[in-house]
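Below, each chain spelled out in residue letters.
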Amino acid sequence: MNVLVINAGSSSLKYQLMNPETGDVSAKGLCERIYIDGRLTHKVGDKKVVKDIPMPTHSEAIQAVLEILVDPVDGVIKSVDEIDAVGHRVLHGGMKFSDSCIIDDACIEAIEACIPLGPLHNPANLMGIRACQAVMPNTPQVAVFDTAFHMTMPPKAYRYAIPTEYYKNDDIRRYGFHGTSHKYIARRAAELMGTKNFKMVNCHLGNGSSLSAVKDGKCQDTSMGLSPLAGVPMGTRSGDIDACVVQFICNKYGMSVDDCLTMLNKKSGVLALSGVSSDFRDLCAGAEAGNEDCKLALDKFYYEVAKYVGAYTAALNGIDMLTFTAGVGENDADARAGICSYLGFMGVKIDPEKNKIRGQEMKISTEDSAVQVWVIPTNEELMIAQDTAELVNAAKK
Ligand code: ADP
């Protein structure tokens, strides 16, 4: 089976053509500068092709992707009919979606209804869906939501302690994000443990970071909230912050709430603390060269992530497994060691040699550690492709 996985942003569109059973990716790429001019970067194995193609809308971007996929020189399939299904990443499923769904009119309407909750991403995701419907009307399409995995949280985890009317009338609550990654890691963790019945905390640490508490394969709590701003400090996001900071800054500097939130999303986090970079590689290099601000940014990050692990361990009344994934979680041994240095109280012991691993699956805890600690590379595209295949195959029966 061939599944085309699409992740449409406001001016970009990422794609992968993959086999959901084997995880083999036959081609992948990126359309950029949609609405401006348009550029396609297409990769097959080690071969990369870059083409400037006019992309006045997402439709032309999808058209360009399909054309290059069937191109006699750069393509990997003979005809668009060889694409069995399309899986779309959709940011916000609100309270309507606790799972992926086959795209029909009702699904599109529900995604539209979630636009107030995901005002930046959902409209772009919809453009990607509509563009695919226009150019391949007979190919089944599936929406996979970043929020869906977290919908098993109990009310004590997802309700905010604010007047109920905002929940009842406006759906204001914790949703959480990176759900496709958390779900992928929870599934892989269950394979590694040989059972579904165990408790774990997953640390998805990348440019954006979130943690989830998972019991028996189901999410019990997660660190992001109504939006991805909440939780631990990130590359450029502040993470959790006292709401009065917004009031103070807006009042003192005559800033609008929107501008203040842009500052908290784009100019904060480890970028702000270090004054150097949002990229953890730069921060590690800075800290090594003696830059105190880089050291503080890293210390703050390790400390806040460890605090969430501690909180979720209490929430689950103990854990069996701690997992690290995404750019930092998979590659940054200092971050894993720094975070675990706070967790000795709960019997976490990592092996410094094993912890040197980068981008590979590996158990990094010692044999006598009370909690198994693993590095598990995430694969959101594969999770999207697998959900898509599952739903499309089930609909055929
Ligand atoms: P996104 O949230 O954009 O998907 P990623 O999961 O790709 O982000 O993670 C990006 C982050 O991973 C960057 O901050 C980058 O510095 C970090 N990273 C990647 N490789 C390494 C490495 N070898 N050491 C430390 N950090 C790394």
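Residues numbered from 1 in each chain as written. Predicted model: local features only at pLDDT ≥ 70, side-chain atom pairs only at ≥ 80, totals over all residues. Heavy atoms only, no water.

Of regular secondary structure, the protein possesses 14 helices and 14 strands. For 397 residues, the compact-globule estimate of 2.2 N^0.38 gives 21 Å, and the C-alpha radius of gyration of the protein, at 21 Å, lies within 12% of that figure. Expressed as lengths along the three principal axes of its C-alpha atoms, the size of the protein is roughly 60 × 55 × 45 Å. Out of the 397 residues in the protein, the part that is buried amounts to 50%. Long-range contacts, defined here as pairs at least 24 residues apart, represent 60% of the contacts in the protein between residues at least 6 apart. Carbon and sulfur atoms make up 51% of the accessible area of the protein, which amounts to about 18200 Å² in all. Averaged over its 40 positive side-chain charges, the protein has a centre that lies 3 Å from the centre of its 49 negative ones. (Helix = DSSP H or I, 4+ residues; strand = E, 2+ residues; numbered from the N terminus. Rg over C-alpha atoms; globule rule 2.2 N^0.38 Å. Buried < 20%, exposed > 50% of the residue type's maximum accessible area, 1.4 Å probe, protein only. Contact = heavy atoms within 4.5 Å. Areas by Shrake-Rupley, 256 points an atom, 1.4 Å probe, with all protein chains shown as cover. Lys, Arg positive; Asp, Glu negative; His and termini not counted. Charge placed at Lys NZ, Arg CZ, Asp CG, Glu CD.)

Looking now at unusual backbone geometry. Among all residues except glycine, the phi angle is most often negative; among peptide bonds, the trans geometry is most common. We note that Y35 has phi near 80°; this positive angle belongs to a residue other than glycine. By the element assignment, Y35 lies in the loop between strand 3 (25-32) and strand 4 (39-44). Here D216, not a glycine, exhibits a phi torsion of approximately 50°, which is positive. Summarising the element assignment, D216 is placed in the loop between strand 10 (209-215) and strand 11 (218-222). Relative accessible area serves as the criterion here: at 30%, D216 is assigned to the partly exposed category.

Attention now moves to the packing of aromatic side chains. Within the structure shown, the criterion is met by six aromatic pairs. Through pairs of rings, three or more aromatic residues link up here, namely F280, F301 and Y302. Lying across the ring of Y158, R173 places its NZ or CZ 3.7 Å from the centre. Above the face of the Y175 ring, R173 is positioned so that its terminal group lies 4.9 Å from the ring centre. (Phe/Tyr/Trp six-rings, centres within 6.5 Å; stacked < 30°, edge-to-face > 60°. Lys NZ or Arg CZ within 6 Å of the ring centre and 35° of its normal.)

This paragraph deals with the environment of M136. One can find M136 in the loop between helix 3 (122-135) and strand 8 (141-145). Taking C-alpha positions, M136 is 48 Å from K307, a pair spaced 171 residues apart along the chain.

Let us now look at the environment of A85. Within the secondary structure, A85 is located in strand 6 (residues 85-90). Taking the C-alpha atoms as reference, A85 lies 39 Å from K356; in sequence the two are 271 residues apart.

This brings us to the site of the ligand. Taken together, 13 residues are adjacent to the ligand, and N207, G208, D279, F280 and G327 come closest. Between an oxygen atom of the ligand and a side-chain N or O atom of R281, the distance comes to 3.5 Å. One of the backbone nitrogen or oxygen atoms of V328 is found 3.4 Å away from an oxygen atom of the ligand. Contact with the protein chains removes 69% of the 590 Å² of surface that the ligand exposes when unbound. Within the residue set of the shell around the ligand, elements represented by two or more residues are helix 10 (280-288) and helix 12 (326-331). With four residues, helix 12 is the single largest residue contributor to the shell around the ligand. Grouping the amino acids of the shell around the ligand by side-chain chemistry returns three nonpolar, six polar and four charged. (Near = heavy atom within 4 Å. Polar contact = N/O pair within 3.5 Å; in protein donor to acceptor, adjacent residues only side chain to side chain. Nonpolar A, V, L, I, M, F, W, Y, C, P; charged D, E, K, R; others polar.)

With 14 residues, helix 3 should reach 20 Å at 1.5 Å per residue; the first-to-last C-alpha distance of 20 Å fits that figure. Those residues of helix 3 not exposed but buried are N122, A124, N125, L126, G128, I129, A131 and C132. Next to the buried residues of helix 3 lie strand 1 (3-8), helix 1 (58-69), strand 6, helix 2 (105-113) and strand 8. (Expected span 1.5 Å × (residues − 1).)

Next up on the list: the pattern of salt bridges. Per the stated rule, a full pass over the model turns up 18 salt bridges. R39 is the partner of D52 in a salt bridge, and the nearest nitrogen-oxygen pair spans 2.9 Å. Note that D52 is positioned in strand 5 (residues 47-52) and R39 in strand 4, a separation of 13 residues in sequence. Note on R39: relative accessible area 35%, which makes it partly exposed. Across the salt bridge formed by R188 and E361, the nearest N and O atoms sit 2.8 Å from each other. (Salt bridge = Lys/Arg side-chain N within 4 Å of Asp/Glu carboxyl O.)

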